Amino acid sequence: MIPTPTLRRLAWPSALLAIALAAPAARGQGFDDEDDEDEAAGAMNPHMAVYTDENFDQWVFGNGRNYTSFRASVDSLLAMQIEELDRACGLTDAQRAKLMLAGRGDLKRILDAYDDKKKKFRATGGDQNRINEIFQDIQPLQQAIAAGPFGESSIFAKSIGKTLDPAQAERFEKVAKEKRTYRYRARVELAVNLLDGYVGMTADQRRRLVQVIVDETRSPRKFGRQDYQVVILLASKVPEARLRPIFDDAQWKKVRRQMDGVRGLETYLRTNGFLPDETEAKK
(Lines give C-alpha, C1' and ligand atoms only; values in the text may rest on other atoms or scores of the structure.)
Protein backbone atom coordinates (compact mmCIF):
# COMPACT_ATOMS: atom_id res chain seq x y z
CA MET A 1 0.00 0.00 0.00
CA ILE A 2 1.15 3.51 -0.80
CA PRO A 3 0.81 5.70 2.34
CA THR A 4 -0.49 9.25 2.49
CA PRO A 5 0.52 10.47 -1.00
CA THR A 6 -1.80 8.23 -3.06
CA LEU A 7 -3.04 8.79 -6.59
CA ARG A 8 -6.00 11.17 -6.46
CA ARG A 9 -9.24 9.47 -7.41
CA LEU A 10 -12.09 11.50 -8.84
CA ALA A 11 -15.08 11.60 -6.53
CA TRP A 12 -18.29 10.15 -8.03
CA PRO A 13 -21.20 12.61 -8.11
CA SER A 14 -23.34 10.38 -5.90
CA ALA A 15 -20.77 10.87 -3.16
CA LEU A 16 -21.72 14.53 -3.21
CA LEU A 17 -25.39 13.91 -2.53
CA ALA A 18 -25.15 15.26 0.99
CA ILE A 19 -24.30 18.61 -0.57
CA ALA A 20 -26.10 18.41 -3.89
CA LEU A 21 -29.39 17.15 -2.49
CA ALA A 22 -29.90 19.94 0.00
CA ALA A 23 -33.60 20.40 0.74
CA PRO A 24 -35.19 23.03 -1.54
CA ALA A 25 -36.31 26.24 0.08
CA ALA A 26 -39.98 26.49 0.95
CA ARG A 27 -41.95 27.89 -1.93
CA GLY A 28 -43.96 31.00 -1.38
CA GLN A 29 -47.08 32.05 -3.14
CA GLY A 30 -46.72 33.32 -6.67
CA PHE A 31 -44.92 30.28 -8.16
CA ASP A 32 -46.83 28.75 -11.04
CA ASP A 33 -48.19 25.22 -11.27
CA GLU A 34 -45.36 24.11 -13.57
CA ASP A 35 -42.80 24.67 -10.81
CA ASP A 36 -44.93 22.62 -8.42
CA GLU A 37 -45.25 19.84 -10.96
CA ASP A 38 -41.49 19.74 -11.50
CA GLU A 39 -40.90 19.48 -7.76
CA ALA A 40 -43.49 16.72 -7.41
CA ALA A 41 -41.97 14.77 -10.30
CA GLY A 42 -38.54 14.95 -8.71
CA ALA A 43 -39.87 13.76 -5.37
CA MET A 44 -41.62 10.78 -7.00
CA ASN A 45 -38.59 9.69 -9.07
CA PRO A 46 -35.67 8.49 -6.91
CA HIS A 47 -33.36 8.78 -9.92
CA MET A 48 -33.94 12.53 -10.21
CA ALA A 49 -31.76 14.83 -8.13
CA VAL A 50 -31.22 18.53 -7.68
CA TYR A 51 -27.84 19.40 -9.22
CA THR A 52 -26.85 23.00 -9.77
CA ASP A 53 -24.34 24.85 -11.92
CA GLU A 54 -22.29 25.28 -8.73
CA ASN A 55 -22.04 21.51 -8.40
CA PHE A 56 -20.90 21.24 -12.00
CA ASP A 57 -18.21 23.91 -11.52
CA GLN A 58 -16.95 22.13 -8.40
CA TRP A 59 -16.61 18.87 -10.30
CA VAL A 60 -14.81 20.53 -13.21
CA PHE A 61 -12.54 23.05 -11.49
CA GLY A 62 -12.21 21.67 -7.94
CA ASN A 63 -10.66 23.46 -4.98
CA GLY A 64 -13.67 25.74 -4.54
CA ARG A 65 -13.10 27.41 -7.92
CA ASN A 66 -15.67 28.28 -10.54
CA TYR A 67 -15.70 29.56 -14.11
CA THR A 68 -14.95 33.16 -13.10
CA SER A 69 -12.10 32.39 -10.71
CA PHE A 70 -10.55 29.89 -13.12
CA ARG A 71 -10.59 32.37 -15.98
CA ALA A 72 -9.06 35.07 -13.78
CA SER A 73 -6.31 32.72 -12.62
CA VAL A 74 -5.46 31.71 -16.21
CA ASP A 75 -5.37 35.34 -17.34
CA SER A 76 -2.99 36.08 -14.47
CA LEU A 77 -0.85 33.04 -15.30
CA LEU A 78 -0.63 34.03 -18.97
CA ALA A 79 0.50 37.55 -18.08
CA MET A 80 3.11 36.11 -15.71
CA GLN A 81 4.39 33.67 -18.34
CA ILE A 82 4.84 36.45 -20.86
CA GLU A 83 6.57 38.66 -18.30
CA GLU A 84 9.01 35.84 -17.51
CA LEU A 85 9.74 35.42 -21.21
CA ASP A 86 10.26 39.15 -21.55
CA ARG A 87 12.75 39.19 -18.68
CA ALA A 88 14.65 36.25 -20.14
CA CYS A 89 14.57 37.19 -23.81
CA GLY A 90 13.52 40.82 -24.22
CA LEU A 91 10.31 40.56 -26.26
CA THR A 92 9.14 43.10 -28.80
CA ASP A 93 5.59 44.44 -28.62
CA ALA A 94 4.67 42.33 -31.63
CA GLN A 95 6.04 39.19 -29.98
CA ARG A 96 4.13 39.90 -26.78
CA ALA A 97 0.93 40.36 -28.73
CA LYS A 98 1.43 37.12 -30.65
CA LEU A 99 2.07 35.13 -27.48
CA MET A 100 -0.89 36.72 -25.72
CA LEU A 101 -3.13 35.69 -28.64
CA ALA A 102 -1.78 32.13 -28.50
CA GLY A 103 -2.39 31.88 -24.76
CA ARG A 104 -5.93 33.14 -25.14
CA GLY A 105 -6.43 30.47 -27.78
CA ASP A 106 -5.53 27.81 -25.19
CA LEU A 107 -7.94 29.34 -22.70
CA LYS A 108 -10.71 29.45 -25.32
CA ARG A 109 -10.17 25.77 -26.10
CA ILE A 110 -10.71 24.84 -22.46
CA LEU A 111 -13.68 27.16 -22.00
CA ASP A 112 -15.32 25.88 -25.19
CA ALA A 113 -15.03 22.33 -23.83
CA TYR A 114 -16.46 23.55 -20.53
CA ASP A 115 -19.45 25.14 -22.27
CA ASP A 116 -20.10 21.97 -24.27
CA LYS A 117 -20.04 19.72 -21.18
CA LYS A 118 -22.19 22.15 -19.22
CA LYS A 119 -24.90 22.10 -21.90
CA LYS A 120 -24.96 18.31 -21.67
CA PHE A 121 -25.07 18.52 -17.88
CA ARG A 122 -28.05 20.86 -17.95
CA ALA A 123 -29.83 18.53 -20.39
CA THR A 124 -29.68 15.61 -17.93
CA GLY A 125 -32.66 16.92 -15.98
CA GLY A 126 -31.05 15.60 -12.80
CA ASP A 127 -31.24 11.94 -13.88
CA GLN A 128 -28.58 10.15 -11.83
CA ASN A 129 -27.55 7.73 -14.59
CA ARG A 130 -27.05 10.56 -17.06
CA ILE A 131 -25.21 12.60 -14.41
CA ASN A 132 -22.81 9.68 -13.90
CA GLU A 133 -22.22 9.54 -17.66
CA ILE A 134 -21.52 13.27 -17.76
CA PHE A 135 -19.10 12.93 -14.86
CA GLN A 136 -17.11 10.34 -16.77
CA ASP A 137 -17.25 12.55 -19.85
CA ILE A 138 -15.72 15.56 -18.06
CA GLN A 139 -12.69 13.70 -16.69
CA PRO A 140 -10.41 14.67 -19.64
CA LEU A 141 -11.45 18.29 -19.05
CA GLN A 142 -10.67 17.94 -15.33
CA GLN A 143 -7.24 16.56 -16.18
CA ALA A 144 -6.53 19.36 -18.67
CA ILE A 145 -7.47 21.99 -16.08
CA ALA A 146 -5.39 20.31 -13.37
CA ALA A 147 -2.37 20.11 -15.69
CA GLY A 148 -2.68 23.77 -16.69
CA PRO A 149 -3.43 25.36 -20.07
CA PHE A 150 0.13 26.15 -21.15
CA GLY A 151 1.85 22.76 -21.23
CA GLU A 152 4.17 21.59 -23.99
CA SER A 153 1.29 20.63 -26.29
CA SER A 154 -0.44 24.02 -25.91
CA ILE A 155 -0.73 26.66 -28.63
CA PHE A 156 1.21 29.01 -26.34
CA ALA A 157 4.17 26.63 -25.90
CA LYS A 158 4.34 25.86 -29.62
CA SER A 159 4.18 29.57 -30.46
CA ILE A 160 7.26 30.36 -28.36
CA GLY A 161 9.58 28.56 -30.77
CA LYS A 162 7.94 30.25 -33.75
CA THR A 163 8.04 33.70 -32.16
CA LEU A 164 11.54 34.00 -30.70
CA ASP A 165 14.59 34.69 -32.85
CA PRO A 166 17.62 32.34 -32.48
CA ALA A 167 19.39 34.46 -29.86
CA GLN A 168 16.21 34.80 -27.82
CA ALA A 169 15.50 31.08 -28.14
CA GLU A 170 18.96 30.24 -26.78
CA ARG A 171 18.46 32.50 -23.76
CA PHE A 172 14.98 31.08 -23.21
CA GLU A 173 16.19 27.47 -23.27
CA LYS A 174 18.92 28.23 -20.74
CA VAL A 175 16.46 29.87 -18.34
CA ALA A 176 13.88 27.12 -18.92
CA LYS A 177 16.43 24.40 -18.16
CA GLU A 178 17.49 26.10 -14.93
CA LYS A 179 13.86 26.53 -13.89
CA ARG A 180 12.99 22.92 -14.77
CA THR A 181 15.96 21.61 -12.79
CA TYR A 182 15.06 23.75 -9.78
CA ARG A 183 11.42 22.67 -9.86
CA TYR A 184 12.32 19.01 -10.25
CA ARG A 185 14.72 19.06 -7.31
CA ALA A 186 12.01 20.69 -5.18
CA ARG A 187 9.56 17.91 -6.15
CA VAL A 188 12.15 15.24 -5.37
CA GLU A 189 12.82 16.76 -1.96
CA LEU A 190 9.10 16.81 -1.19
CA ALA A 191 8.67 13.20 -2.32
CA VAL A 192 11.62 12.07 -0.20
CA ASN A 193 10.17 13.86 2.83
CA LEU A 194 6.87 12.04 2.27
CA LEU A 195 8.71 8.75 1.88
CA ASP A 196 10.61 9.49 5.09
CA GLY A 197 7.33 9.44 7.00
CA TYR A 198 6.95 5.78 6.01
CA VAL A 199 10.57 4.61 5.98
CA GLY A 200 12.20 6.68 8.72
CA MET A 201 15.46 8.19 7.44
CA THR A 202 18.21 10.33 8.86
CA ALA A 203 18.91 13.78 7.43
CA ASP A 204 21.99 12.38 5.68
CA GLN A 205 19.98 9.56 4.12
CA ARG A 206 17.41 12.02 2.81
CA ARG A 207 20.14 14.23 1.36
CA ARG A 208 21.87 11.29 -0.34
CA LEU A 209 18.61 9.93 -1.76
CA VAL A 210 17.60 13.31 -3.20
CA GLN A 211 20.98 13.68 -4.89
CA VAL A 212 20.94 10.19 -6.40
CA ILE A 213 17.45 10.64 -7.83
CA VAL A 214 18.29 14.07 -9.29
CA ASP A 215 21.57 12.77 -10.76
CA GLU A 216 20.16 9.54 -12.21
CA THR A 217 16.75 10.61 -13.57
CA ARG A 218 15.32 13.17 -15.97
CA SER A 219 12.81 15.83 -15.08
CA PRO A 220 9.17 14.88 -15.82
CA ARG A 221 7.52 16.48 -18.82
CA LYS A 222 5.08 18.21 -16.49
CA PHE A 223 4.29 18.46 -12.79
CA GLY A 224 1.00 17.89 -11.02
CA ARG A 225 -0.88 15.98 -8.34
CA GLN A 226 1.00 12.77 -9.18
CA ASP A 227 4.47 14.17 -8.42
CA TYR A 228 5.07 11.71 -5.57
CA GLN A 229 4.20 8.70 -7.73
CA VAL A 230 6.30 10.05 -10.61
CA VAL A 231 9.39 10.57 -8.44
CA ILE A 232 9.13 7.14 -6.79
CA LEU A 233 8.57 5.46 -10.15
CA LEU A 234 11.61 7.21 -11.63
CA ALA A 235 13.64 6.26 -8.55
CA SER A 236 12.63 2.63 -9.07
CA LYS A 237 14.49 2.71 -12.40
CA VAL A 238 17.75 3.86 -10.81
CA PRO A 239 20.33 1.04 -10.61
CA GLU A 240 19.97 -0.71 -7.25
CA ALA A 241 23.69 -0.37 -6.66
CA ARG A 242 23.20 3.40 -6.41
CA LEU A 243 20.24 3.25 -4.01
CA ARG A 244 20.74 0.20 -1.79
CA PRO A 245 23.80 1.51 0.14
CA ILE A 246 21.71 4.44 1.45
CA PHE A 247 19.42 2.21 3.56
CA ASP A 248 19.58 -0.54 6.14
CA ASP A 249 17.77 -3.82 5.46
CA ALA A 250 14.47 -2.87 7.11
CA GLN A 251 14.37 0.53 5.38
CA TRP A 252 15.17 -0.97 2.01
CA LYS A 253 12.22 -3.38 2.27
CA LYS A 254 9.90 -0.43 2.85
CA VAL A 255 11.41 1.53 -0.03
CA ARG A 256 10.99 -1.44 -2.35
CA ARG A 257 7.39 -1.81 -1.23
CA GLN A 258 6.73 1.80 -2.25
CA MET A 259 8.40 1.28 -5.62
CA ASP A 260 6.41 -1.88 -6.27
CA GLY A 261 3.23 0.00 -5.36
CA VAL A 262 3.67 2.67 -8.06
CA ARG A 263 4.85 0.45 -10.93
CA GLY A 264 1.27 -0.34 -11.81
CA LEU A 265 0.71 3.38 -12.50
CA GLU A 266 3.40 3.67 -15.17
CA THR A 267 1.03 3.29 -18.14
CA TYR A 268 -1.34 5.90 -16.70
CA LEU A 269 1.48 8.35 -15.94
CA ARG A 270 3.09 7.90 -19.35
CA THR A 271 -0.20 8.13 -21.25
CA ASN A 272 -1.06 11.37 -19.44
CA GLY A 273 2.31 12.91 -20.20
CA PHE A 274 3.89 12.98 -16.75
CA LEU A 275 6.95 10.83 -17.43
CA PRO A 276 9.99 12.07 -19.35
CA ASP A 277 10.45 10.89 -22.92
CA GLU A 278 12.77 7.88 -22.76
CA THR A 279 14.40 8.90 -26.05
CA GLU A 280 15.41 12.35 -24.78
CA ALA A 281 18.79 13.14 -23.29
CA LYS A 282 18.83 13.69 -19.53
CA LYS A 283 17.83 17.24 -18.62
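Residues numbered from 1 in each chain as written. Predicted model: local features only at pLDDT ≥ 70, side-chain atom pairs only at ≥ 80, totals over all residues. Heavy atoms only, no water.

## What about the overall build of the protein chain?
So, point 1. What the protein chain contains, in helices and strands, is 14 helices and zero strands.
So, point 2. Along its sequence from the N terminus, the protein chain presents helices and strands in the succession α-α-α-α-α-α-α-α-α-α-α-α-α-α.
So, point 3. Taken over 283 residues, the protein chain has a buried fraction of 36%.
So, point 4. Contacts in the protein chain between residues far apart in sequence, at least 24 positions, make up 76% of those at least 6 positions apart. (Helix = DSSP H or I, 4+ residues; strand = E, 2+ residues; numbered from the N terminus. Buried < 20%, exposed > 50% of the residue type's maximum accessible area, 1.4 Å probe, protein only. Contact = heavy atoms within 4.5 Å.)

## Some words on the pattern of salt bridges
So, point 1. Evaluated as defined, the whole model comprises 22 salt bridges.
So, point 2. We note a salt bridge from Arg96 to Asp86, for which the minimum N-O separation is 3.0 Å. Of this pair, Arg96 sits in helix H5 (residues 93-122) while Asp86 sits in helix H4 (residues 67-89), and the two are 10 residues apart along the sequence.
So, point 3. Here Arg96 falls in the partly exposed class, since its relative accessible area comes to 26%.
So, point 4. We classify Asp86 as partly exposed; its relative accessible area is 25%. (Salt bridge = Lys/Arg side-chain N within 4 Å of Asp/Glu carboxyl O.)

## Here we look at H5
So, point 1. Counted at 1.5 Å a residue, the expected span for H5 with its 30 residues is 44 Å, and the 42 Å between its end C-alpha atoms agrees.
So, point 2. The complete set of buried residues in H5 reads Gln95, Leu99, Ala102, Gly103, Asp106, Leu107, Ile110, Leu111, Tyr114, Lys117, Lys118 and Phe121.
So, point 3. Those residues of H5 hidden inside the fold are in contact with helix H3 (53-61), H4, helix H6 (128-137), helix H7 (139-147), helix H8 (155-163) and helix H9 (166-199). (Expected span 1.5 Å × (residues − 1).)

## Observations concerning the packing of aromatic side chains
So, point 1. A complete count under the given rule lists 10 aromatic pairs for this structure.
So, point 2. Aromatic ring contacts, followed pair by pair, group Tyr51, Phe56, Trp59, Phe61, Tyr67, Phe70, Tyr114, Phe121 and Phe135 into a single cluster.
So, point 3. Lying across the ring of Phe223, Arg187 places its NZ or CZ 4.6 Å from the centre. (Phe/Tyr/Trp six-rings, centres within 6.5 Å; stacked < 30°, edge-to-face > 60°. Lys NZ or Arg CZ within 6 Å of the ring centre and 35° of its normal.)

## Describing H3
So, point 1. Here H3 has its buried residues at Asn55, Phe56, Asp57, Trp59, Val60 and Phe61.
So, point 2. Residue Gly62 follows H3 closely and has a positive phi angle near 65°.

## As for the packing of H4 against H5
So, point 1. Their axes nearest at 10 Å, the elements H4 and H5 cross at an angle of 155°. As judged from the angle between their axes, H4 and H5 are roughly antiparallel. Judged by the twist between their axes, the crossing of H4 over H5 is right-handed. Where H4 approaches H5, its residues Tyr67, Phe70, Arg71, Val74, Asp75, Leu78, Ile82, Glu83, Leu85 and Asp86 are matched on the opposing element by Arg96, Leu99, Met100, Gly103, Arg104, Leu107, Ile110, Leu111, Tyr114 and Asp115. (Axes fitted to C-alpha atoms, helices over the stretch in contact; angles between N-to-C directions. Parallel < 35°, antiparallel > 145°, perpendicular 65-115°, else oblique. Left-handed = near helix turned anticlockwise from the far one by under 90°.)

## Considering the nonpolar core
So, point 1. Counting residues in each nonpolar core, the largest one holds 32 residues, and the members touching the most others are Val188, Leu209 and Ile213.
So, point 2. In terms of residue count, helix H11 (residues 227-236) provides more of this core than any other element does, seven residues in total. (Core = buried A, V, L, I, M, F, W, Y, C linked by side-chain atoms within 4.5 Å.)

## Quick word on the confidence of the model for the protein chain
So, point 1. For the protein chain, the average pLDDT comes to 82, and 81% of its residues sit at 70 or higher.
So, point 2. Segment residues 1-47 is flagged for pLDDT under 50; beyond a separation of four residues in sequence, or across chains, it makes 49 contacts in the model. (pLDDT = per-residue confidence, 0-100.)

## Some details on the side chain of Lys117
So, point 1. Looking at the secondary structure, you find Lys117 in helix H5.
So, point 2. Apart from residues lying up to four places away in sequence, Lys117 is in contact with Phe56, Asp137, Ile138 and Leu141.

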